[in-house]
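Geometric and topological summary
Chain by chain, the residues run as shown.
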Amino acid sequence: MESTETYQVKLKVFQGPLDLLLFLIRKQKIDIHDIPIAIITQEYLEYLEQKEKINLNREAEFLLMAALLIYIKSQMLLPREKAAEEEEDPRESLVHRLLDYQKMKAASTLLKKKEAEELLKWKRTFLPPLLRIEDLDLVEVSLFDLAEAFFAVLKRKEREDFQIIKRKEHSVEEKIREILTILRENSYLDFLDFFIRQQTLEEALVSFFSLLELIKAKRVMAVQERRFQSIKVWLINDSPTGK
Amino acid sequence: MNNRLKTIVEALIFISQKPLTPEKIKDVLQEFPPEEIDQAIEELLQSYSSNERGIQIIKSAGGYIFSTNPEDDHWIRRLLRIERKNKLSPAALETLSAVAYHQPITLSEISALRDTDSFHTLKTLLQKKLVKIVGRKKSPGRPLIYRTSHEFLSYFGLESLKELPSQEEISKILEAGEDVQE
């Protein structure tokens, strides 16, 4: 009479027939991680040993259930292969990407705020060179030096295989404004550095003419600390009218 | 003795151009017991915390550094003849956020996150030393991997990466609404 009864599992989280346990796990009412399969099988074997006769039906059923349990648990424990994940739900990855994007946007807003706060606090780290043009023993470079440096940069750029995707019009007025802005912010401008950053030949040429204009108007000064050192452009007269 | 230690610590912080960590201070002052050094730092911070001074000692990137008060920015700029300080571009801030939250990260991962090619922005950030290269990824092409640097922390006045807003704080900002998208 006992043999017709199903085997009962006794665990902390569950007590009852094994098929019910399996059902609950599949329905996710019970976490598979909480089910000690080793203990279930151990106890089942002990239970079997106490029996004189074996009920084939019951034992086959247990075996099937236990095998399913082990399968489910192994699936949970093993790291999944990437390919399987990608097949899952394409929407999920999109949502994930959107969330990441939003997070990044929000974080950059915060960083911007932090930056503004921090820039108000001056540290010795931030100090620009406290040099003033009159304090330096500088050599003003000639037009020839400037042109030479300019062509050296052009040569270097030539070797880069760049393509023009978008054609932008550049005007000397615009460039003059750009150069002045850089000078006001940084107190000086590195000649080489500035021209290397120019995107196209046209832009570089316009920049060069703008610089020459500014030098002619005595608004900036191109100087070298020593010969063959980098050429720096300094602002000497900010307003176009004032002498 | 203690007062002497306090002035030494003050001198060390003063002379440092980067945030000076307590470890470094202890390293230099190896003749002194570490607990006394900690105490000296603490006392020094306290004596600077009053509003009577034009400079303060702030914690940044895990260390201490002298800084002026934010209210005096105007006068300092007048002295230094600086109209305003350069700020990072929105693209640079976005790229930094991507690196900060997903580091270690490759260029193509950053570009994917931002949905735009980030080569030039990343290059600028490297030049500004706000990000650094930490190695190569063991994947096809062996792309370079990037992390935020120590300078990143001190630039934004962060003590450590943990100070970056958490997921919850970010959700709050997102809920707060439109002002995020400037």
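Our subject is the structure that appears above.
Presented here is an overview of the structure given in this document. No experiment lies behind these values; they were computed from the predicted model shown.

Here is what the cut-offs are and how they apply
- Residues numbered from 1 in each chain as written.
- Chains lettered and ligands numbered in written order.
- Predicted model: local features only at pLDDT ≥ 70, side-chain atom pairs only at ≥ 80, totals over all residues.
- Pairing = 2+ DSSP bridges.
- Helix = DSSP H or I, 4+ residues; strand = E, 2+ residues; numbered from the N terminus.
- Expected span 1.5 Å × (residues − 1).
- Buried ≥ 20, exposed ≤ 12 C-beta atoms within 10 Å, placed from the backbone.
- Arc of directions from axis to C-beta.
- Core = buried A, V, L, I, M, F, W, Y, C linked by C-beta atoms within 7 Å.
- Contact = placed C-beta atoms within 7 Å.

1. With respect to the sheet that holds strand S5 (residues 144–148) of chain B
All names here are of chain B. Spatial ordering of the open sheet is given by S3-S5-S4, a layout of 3 strands whose pairing is antiparallel. Whereas interior strands pair on both sides, the edge strands pair on one side only; in this sheet they are strand S3 (105–106) and strand S4 (131–136). Direction of pairing for S4 relative to S5: antiparallel, over a ladder of 5 bridges. From the neighbouring strand, Ile133 faces S5, where its bridge partner is Tyr146.

2. Thoughts on the pairing of strand S6 (residues 232–235) of chain A
Residue and element names in this part refer to chain A. As defined by bridge partners, strand S4 (residues 188–190) adjoins S6 across 3 bridges and the pair is classed as antiparallel. Residue pairing for S6: Tyr188 is matched across the bridge by Trp234. In terms of strand pairing, strand S5 (residues 220–224) meets S6 through 4 bridges, oriented antiparallel. Bridge assignment links Val223 to a residue of S6, and that residue is Lys232.

3. Some remarks on helix H3 (residues 34–48) of chain B
All names here are of chain B. Over its 15 residues, H3 extends 21 Å from the first C-alpha to the last, a length consistent with the 21 Å expected when each residue adds 1.5 Å. Three or more residues of H3 are buried, namely Ile37, Ala40 and Ile41. End-on, the buried residues of H3 take up no more than an arc of 100 degrees, which puts them together on one face. When the buried face of H3 is taken as reference, the exposed residues oriented beyond 90 degrees from it are Glu35, Glu42 and Gln46.

4. Points about the pairing of S5 of chain B
The two faces of a sheet get side chains in turn, since along a regular strand they alternate between them. Sheet topology note: the S3 of chain B/S5 of chain B ladder contains 2 bridges and is antiparallel. Bridge pairing in S5 of chain B places Thr106 of chain B opposite Ile145 of chain B.

5. Some words on the nonpolar core
Ranked by size, the top nonpolar core spans 27 residues in total, and within it Leu96, Val99, Val131 and Phe152 of chain B carry the most contacts. If you list the elements that add at least two residues to this core, you get helix H5 (90–119) of chain A together with helix H5 (90–102), helix H6 (107–114), helix H7 (119–127), S5 and helix H8 (150–155) of chain B. If you tally residues by element for this core, the top one is H5 of chain B, at 6 residues. Leu96 of chain B has contacts with Leu111 of chain A together with Leu125, Leu130, Thr148 and Phe152 of chain B, leaving out every residue within four places of it along the chain.

So, to be careful, I would describe these as geometric facts and stop short of saying anything about function.
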